Structures are given as structure tokens and as C-alpha cells.
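Listed below are the residues making up each chain.
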Amino acid sequence: MEMIYDTHEARQIDEWAKTSGLPLEVLMERAGSEIAKQIKEHHDADERILIVCGTGNNGGDGYVIGRELIRDGYDITLHAPFGEPKTATARLHTRYAEKFGLVAEGICGQYDVIVDAVFGTGFDGARFTKSVTDLFAWVQEQQQQGARLYAVDIPSGIPTDQTSDFSGKGLKADATFCLHAFKRSAFLVKTAPFFGQLKKIDLGLPAFGGWSLYDESIEPLLTRNPYGHKGTYGTGLLIGGSETMPGSIQLATRAALRTGIGKLQVATVPSAQLGLIINAPEAMILDQTTETIQGIVTQVDVAGIGPGLSSEFTSEWIDLLLRQDIPVVLDASALIRDSYPERQAAIVVTPHIGEFARMTNQTVAEVQDDLFEQASAYAMLHQVIVVLKSHVILIAKPDGGGYVIAGASSGLAKGGSGDTLFGLITSLLGQRKHYQHLSIERLIAMGVSWYAQASKQVEQRMHPSSIVATDLIEQLGKVEG
Ligand SMILES: NC(=O)C1=CN([C@@H]2O[C@H](COP(=O)(O)OP(=O)(O)OC[C@H]3O[C@@H](n4cnc5c(N)ncnc54)[C@H](O)[C@@H]3O)[C@@H](O)[C@H]2O)[C@@H](O)CC1
Ligand SMILES: Nc1ncnc2c1ncn2[C@@H]1O[C@H](COP(=O)(O)OP(=O)(O)O)[C@@H](O)[C@H]1O
Ligand SMILES: [K+]
């Protein structure tokens with residue numbers, strides 16, 4: 001799993017390496033030479049390569065890249081528009097690079113490749129001087145003429161942690177070589193487009209920090225016990241649907257069934273019941289009344305409530321579910337609590353960013369600007385698991401860390417996908433006995449991965465505009481680990 005850092009964590013790992021005996025010069029050497037190796041794999045020695053270096057350690061990385069390329073006979077121009085690096089580590093590499101003939105020069109003509117080593121995680125967005133703006137404009141002109149742009153660690157001008165003060169100005173890379181860990185802004189909606197392709201550069205440091213990009217195989221989810229019976233895979237209860245919104249509970253039900261639950265009880269209104277009889281005959285149908293829910297809730301392994309629900313009793317039913325010792329998933333109309341009881345079994349909330357903004361009294365933009373911190377803060381404060389749905393999905397753990405699932409199809413950005421994910425997550429949590437080797441958060445992360453992979457596979461035969469939740473549900477069973 002690949003880590004995702006904020007500025008503080010990036011500094012902490014540098015500090016850790018230093019106090020553990022590995023100086024920053026060594027990390028810089030490794031960063032620069034690994035990036036040079038990757039550039040050599042894609043570009044020939046006769047291409048004109050420009051490396052633009054800033055005055056911090058990001059600039060120092062640039063000197064190492066240039067030195068490695070010059071050593072292999074590449075045609076390198078190194079430009080240092082703000083003067084020589086000022087940090088001791090970067091200066092050491094500047095001096096060493098000079099021995100190979102690499103010195104700062106002026107820029108002239110058109111370049112094939114530009115390496116952006118101007119600013120990294122130390123960029124100060126408040127200091128947007130004319131010289132920075134002019135430099136960015138010049139690089140953009142070069143890109144329009146066909147230059148490829150590679151960013152070192154983070155594209156210059158892009159904030160690392162959150163985007164509330166982001167001016168919108170920054171270099172837009174074709175690819176970014178992320179040092180040791182990805183940075184948060186690579187997954188935020190305003191800044192993600194500046195990164196281009198993300199390439200992780202291994203600096204030989206240990207994994208550390210709270211957030212990671214979830215990219216594990218989903219194989220453990222696709223195992224089935226050949227000697228199992230329906231009891232092995234748990235019983236789930238879904239509560240949702242109303243006369244005006246009968247569709248969402250059907251999607252949730254079908255997704256839950258396609259995700260392996262042994263038995264499924266669905267409490268819904270008469271008009272939705274009719275649809276379920278036709279589209280999900282495997283589910284058991286209950287009336288959506290307090291008495292029925294009271295009667296069944298002690299017999300199930302998981303309960304999920306919310307999609308399409310419109311009832312004056314919603315809050316009462318949530319209380320009823322939360323009093324049981326089973327995981328409870330709250331979605332859509334059931335995202336109405338501002339506090340949760342202390343309990344052993346997990347509470348999972350699955351808001352999209354709009355719902356989350358409402359839950360936290362903020363605007364959608366405020367949530368998007370600081371997605372990681374927002375999700376973490378809620379999970380820690382309320383001791384719940386937050387599945388925050390946006391162009392990426394964050395799973396925030398009550399301990400402050402979490403997982404990010406990226407790369408799902410934009411075809412998911414439609415009504416119905418969230419209902420599908422709700423059904424899938426509830427179904428998996430109902431099968432805890434079967435999946436007891438996985439922590440609950442990993443189980444959810446793997447489930448979200450399953451959903452994202454299915455969406456990507458549907459995209460291979462269908463344009464995202466045409467993908468509907470039903471296609472996704474049908475695809476679930478065709479995904480391979
Ligand atoms: N463990 C890691 O992650 C490693 C990180 N390294 C590099 O170190 C970088 C961080 O280095 P630094 O903290 O030195 O920071 P940077 O190199 O990102 O930038 C700081 C420098 O830029 C100047 N600056 C900042 N904002 C400016 C603005 N708006 N206008 C003009 N000048 C501005 C500052 O005065 C300072 O000199 C990372 O991004 C990465 O490239 C590597 O060298 C090796 C290992
Ligand atoms: N641009 C996008 N790329 C990939 N996935 C997206 C994008 N926009 C939204 N999604 C996903 O689509 C789903 C929408 O969920 P939600 O808004 O709850 O839908 P519903 O209307 O079914 O409740 C979420 O899983 C979200 O992560
Ligand atoms: K950079």
C-alpha cells in the first residue's frame with residue numbers, strides 16, 4: 001500500500017531518517033537518481049532537456065537529476081531563476097554536480113522535456129511574485145509548443161495539504177514523480193489535474209503515517225467456503241425506499257445480494273415491495289413499520305438504513321438499530337445524527353460530499369478543500385467509520401488514519417451508484433464471520449475497491465455517460481481479484 005502524506009508527515013519522515021542515521025543528502029541522491037533513471041527510459045540523449053531548479057531541496061533534487069543525465073551524455077540545460085539553492089543539502093549536491101560540468105545557465109529556444117524542480121512541499125502560496133508568474137507562463141508556452149513537463153515531488157505552485165487558499169495557478173505536469181509518498185493534494189479536486197500521471201519514487205524509507213492509497217488485491221473478498229451454508233454468510237437487514245423513491249432500495253438490495261450475503265431482509269413500502277418481487281426475488285420482504293423492524297433486528301448480523309427513505313420514524317429506527325450489537329450503516333436520509341452512542345460494533349456513515357457538508361455545517365467547497373482532515377476529524381470525534389464519496393472515496397478510521405480509493409469511472413457520478421455502494425458495504429459487514437481475518441476498515445476498503453474496479457471494467461465496453469448502477473451491479477460478479 002502506498003502512503004499519502006501531508007507536509008508535516010513529509011518533514012517527520014525526513015527527521016526520522018536523519019535521527020536514524022540516514023542523512024537527507026542520501027535521500028536526495030536516491031530521489032534524483034531514480035527520477036533520472038525513469039526519464040532515461042522514456043527519452044533519448046539527443047532530446048533537449050531543461051531542468052528548472054528552485055532554491056530549496058526540490059531544487060536540490062533537480063541538480064541530482066541533471067548530474068545523472070549529464071553523466072550519461074544527455075543534453076541538459078539547468079536553469080536556476082531564483083539563484084543557487086540555499087539549503088545545506090541542496091548546496092552539497094550543487095557543488096558535486098558542478099564537477100560534472102552542470103552549472104546554471106540561461107534559457108534559450110524550445111525544449112523537448114522540462115523538469116520542474118522549482119517548488120516542492122515548501123512552496124509558500126502567499127508569495128506569488130511576478131517572477132514566479134512569468135516563469136510559469138514561459139513553461140506553459142513551452143508546453144503548448146510540445147514540451148513534456150515532469151514535476152519533482154509536486155507540481156510547482158500546488159499546495160500540499162489542502163486547497164482553501166489555492167490561487168488556481170501552478171504548473172500542470174504530464175507526470176509527477178512523488179517522493180516516498182503521494183501528497184494529499186494529488187487527490188483533491190482542485191489540484192489533482194495538475195499532477196498528470198502519478199509515479200511513486202521509492203526512497204527506501206519505512207511506511208509511516210495515517211493515510212494510504214488502497215491498491216491491494218480484492219482476492220480475499222472473492223473466497224467462498226466450499227462447506228459453507230447460507231448461515232456462514234450472515235443475514236442482513238436493509239431499511240429504505242418510500243412511495244416517491246422506490247428505486248434506491250432495489251439497487252441497494254441487488255448490490256447486497258451480488259456481494260455474497262447469505263440472507264437478506266428488506267423493510268420497505270408497498271410500491272417498492274412490488275419492484276423487489278420482480279427484480280430481487282431472493283430477498284425477503286418486510287413491511288416498513290416499527291413493529292416489524294423491532295421483531296427482525298435481533299436476528300440479523302448487520303443493518304443498513306437510508307436510501308430512498310422518507311419516514312417520520314427514521315430517527316426512531318436508527319436508535320433501534322444502534323441499540324443492537326451489530327454493525328450499522330447509515331446512508332442518505334439516515335445521515336441525520338449529530339452524535340452517536342458509544343458501542344462496540346461499528347457505525348459506518350456513507351455520505352457524498354454534499355451530505356457531509358450538511359452534516360458538518362459547511363459548504364461543499366470547504367469539504368473539498370480539506371477532504372482528508374474533514375473526514376478524519378468526523379471519524380475521530382464521533383468514533384465512526386466515514387466513507388466519504390467524491391471523485392475519490394475516502395474511508396476515514398476512528399483512529400485518524402484512512403484509505404483512499406481512486407480511479408473509479410466517472411460513470412459513477414449519477415444517482416443510484418451510492419445506493420449500490422451502500423448495499424455492497426452492508427452486505428460485506430454482514431459476512432464478518434467469514435471475513436474475520438480482515439479489519440472492518442480493510443473490509444470496507446476492499447469492498448469499495450471492488451466497486452471501483454467493477455466501474456472501470458464496465459467502462460471498457462460502455463461510455464461513462466451510459467453507465468448506470470445496474471451495469472455496475474451486474475459487473476460485480478465478473479471482477480477478478
Ligand atoms: N523525504 C522526502 O520526501 C524528501 C524530500 N526532498 C525534497 O524536498 C522538498 C522540500 O524541500 P524544501 O522544504 O526545501 O522546500 P522547497 O524546495 O519546496 O521550496 C522552498 C524554497 O522555495 C522558496 N519559496 C517558497 N515559496 C516561494 C514563492 N512563492 N516564491 C518564491 N520562492 C518561494 C523558499 O524560500 C525556499 O527557498 C520536497 O518537495 C522534495 O522535493 C528530497 O530532497 C529528498 C527526500
Ligand atoms: N467524477 C467521479 N469519478 C468517479 N466516481 C465518482 C465521481 N463522482 C462521483 N463518483 C462516485 O459516485 C457515487 C455517487 O454516490 P451518491 O452521490 O451517494 O449517489 P446516489 O445518488 O446513488 O446516492 C459515489 O460512490 C462517488 O464516489
Ligand atoms: K516541483
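Because the structure is a prediction, the values reported are computed rather than measured.

### As for the UniProt feature "domain: YjeF N-terminal" (unreviewed entry) in the chain
Now for step 1: In the numbering adopted here, UniProt assigns the feature "domain: YjeF N-terminal" (unreviewed entry) to residues 10–211.
Now for step 2: Measuring from the first to the last C-alpha atom of residues 10–211 gives 12 Å, for a span that is 35% helix and 17% strand.

### Some points on the coordination of the potassium ion (ligand 3)
Now for step 1: For the potassium ion (ligand 3), the protein coordination sphere consists of Asn 58 (OD1), Asp 116 (O), Asp 116 (OD), Phe 119 (O), Val 152 (O) and Ile 154 (O), at 2.6 to 3.2 Å.
Now for step 2: For the potassium ion (ligand 3), the six donor atoms in the first shell make angles of 56 to 148 degrees at the metal, so the coordination geometry reads as irregular.
Now for step 3: As a motif over one chain, the donors of the potassium ion (ligand 3) read N-x57-D-x2-F-x32-V-x1-I. Here Asn 58, found in helix H3 (residues 57–71), pairs with Asp 116, found in strand E4 (residues 113–117); they are 58 residues apart in sequence, far enough to count as distant.

### A short note on the side chain of Arg 254
Now for step 1: Looking at the secondary structure, you find Arg 254 in helix H6 (residues 247–257).
Now for step 2: At a separation of 2.8 Å, a polar atom in the side chain of Arg 254 contacts the side chain of Glu 474.
Now for step 3: Residues in contact with Arg 254, not counting those within four places in the same chain, are Asn 279, Ala 280, Thr 470, Ile 473 and Glu 474.

### A look at the UniProt feature "binding site: AMP" (unreviewed entry) in the chain
Now for step 1: In the numbering used here, UniProt assigns the "binding site: AMP" (unreviewed entry) feature to Gly 418.
Now for step 2: Of note, Gly 418 is situated in helix H13 (residues 417–430).
Now for step 3: Not counting residues up to four positions away in its chain, the partners in contact with Gly 418 are Asp 331, Lys 389 and Tyr 451.

### Brief notes about the sheet that holds strand E18 (residues 402–405)
Now for step 1: Spatially, twelve strands are ordered E7-E1-E9-E18-E17-E16-E15-E14-E13-E10-E11-E12 in an open sheet, and the strand pairing comes out mixed. Two strands bound the open sheet, and with one partner strand each, they are strand E7 (182–183) and strand E12 (284–287).

### A look at the packing of aromatic side chains
The way to describe two aromatic rings as a pair is by their centre distance and the angle between their planes.
Now for step 1: Evaluated as defined, the whole model comprises 15 aromatic pairs.
Now for step 2: Look at Phe 182 and Phe 187: their rings are 6.1 Å apart centre to centre, the planes differ by 80 degrees, and that puts the pair in the edge-to-face class.
Now for step 3: Judged by relative accessible area, Phe 187 falls into the buried class, the value being 4%.
Now for step 4: Where Phe 313 meets Trp 317, the ring centres are 5.9 Å apart and the plane angle is 35 degrees; that geometry is what we call tilted.
Now for step 5: Within the aromatic cluster, the residues linked to one another by ring pairs are Phe 82, Phe 119, Phe 123, Phe 128 and Phe 136.
Now for step 6: Against the face of Phe 194 rests Lys 172, its NZ or CZ located 5.8 Å from the ring centre.

### Observations regarding the pairing of strand E3 (residues 75–79)
Now for step 1: Of all five residues in E3, four are buried, a share of seventy percent or more.
Now for step 2: Both strand E2 (residues 48–53) and E3 contribute to a ladder of five bridges, which runs parallel. Within the sheet, the bridge partner assigned to Ile 49 lies in E3 and is Ile 76.
Now for step 3: Handedness of the crossover joining E2 and E3 through H3 is recorded here as right-handed.

### Overview of the sheet that holds E2
The pairing of strands in a sheet happens through backbone hydrogen bonds and is either parallel or antiparallel.
Now for step 1: Taken in spatial order, the six strands make up an open sheet running E3-E2-E4-E5-E6-E8, and their pairing is parallel. The open sheet terminates on both sides in strands that have one partner only, identified here as E3 and strand E8 (197–201). The average undirected angle you get between the axes of adjacent strands in this sheet is 20 degrees.
Now for step 2: Note that E2 and E4 share five bridges and pair parallel. Bridge pairing in E4 places Ile 51 opposite Val 115.
Now for step 3: Sitting on the sheet, helix H2 (residues 24–42) touches E2, E4, strand E5 (148–152), strand E6 (175–179) and E8, and the angle it makes with E8 is about 130 degrees.
Now for step 4: Sitting on the sheet, H3 touches E2, E3, E4, E5 and E6, and the angle it makes with E2 is about 155 degrees.

### So, the domain arrangement of the chain
Size of an interface: often given as the accessible area lost when the parts come together.
Now for step 1: By the assigned domains, the chain splits into domain 1 (2–209) and domain 2 (219–476).
Now for step 2: Summarising the inter-unit geometry, the C-alpha centres of domain 1 and domain 2 are found 41 Å apart.
Now for step 3: The interface is formed by ten residues belonging to domain 1 together with ten residues belonging to domain 2.
Now for step 4: Counting the surface lost from both domain 1 and domain 2, the interface buries some 920 Å², and carbon and sulfur atoms represent 61% of this.
Now for step 5: It is Arg 184, Phe 187 and Val 189 that lose the most area in domain 1 upon contact with domain 2, and together they represent 53% of the buried surface on that side.
Now for step 6: Run the count over domain 1 and domain 2 and you get two salt bridges.
Now for step 7: In this structure, Asp 369 and Lys 190 form a salt bridge, with 2.9 Å as the shortest nitrogen-oxygen distance.
Now for step 8: In this structure, the connection of domain 1 to domain 2 is made through four residue pairs in polar contact (both at pLDDT 80 or more).
Now for step 9: For the side of domain 1 that touches domain 2, the per-class residue count stands at four nonpolar, three polar and three charged.

Parameters and conventions
- Residues numbered from 1 in each chain as written.
- Chains lettered and ligands numbered in written order.
- Predicted model: local features only at pLDDT ≥ 70, side-chain atom pairs only at ≥ 80, totals over all residues.
- Heavy atoms only, no water.
- UniProt positions renumbered as here; feature names shortened; annotations may be inferred.
- Helix = DSSP H or I, 4+ residues; strand = E, 2+ residues; numbered from the N terminus.
- Donors = N, O, S within 2.8 Å, 3.2 Å for Na, K, Ca; no water.
- Tetrahedral: all angles 85-135°; square planar, octahedral: opposite > 155°, others 65-115°.
- Polar contact = N/O pair within 3.5 Å; in protein donor to acceptor, adjacent residues only side chain to side chain.
- Contact = heavy atoms within 4.5 Å.
- Pairing = 2+ DSSP bridges.
- Phe/Tyr/Trp six-rings, centres within 6.5 Å; stacked < 30°, edge-to-face > 60°.
- Buried < 20%, exposed > 50% of the residue type's maximum accessible area, 1.4 Å probe, protein only.
- Lys NZ or Arg CZ within 6 Å of the ring centre and 35° of its normal.
- Right-handed = clockwise from strand over helix to strand, strands pointing away.
- Axes fitted to C-alpha atoms, helices over the stretch in contact; angles between N-to-C directions.
- Domains from an automatic or database assignment.
- Buried area = accessible area lost by both parts, 1.4 Å probe.
- Salt bridge = Lys/Arg side-chain N within 4 Å of Asp/Glu carboxyl O.
- Nonpolar A, V, L, I, M, F, W, Y, C, P; charged D, E, K, R; others polar.

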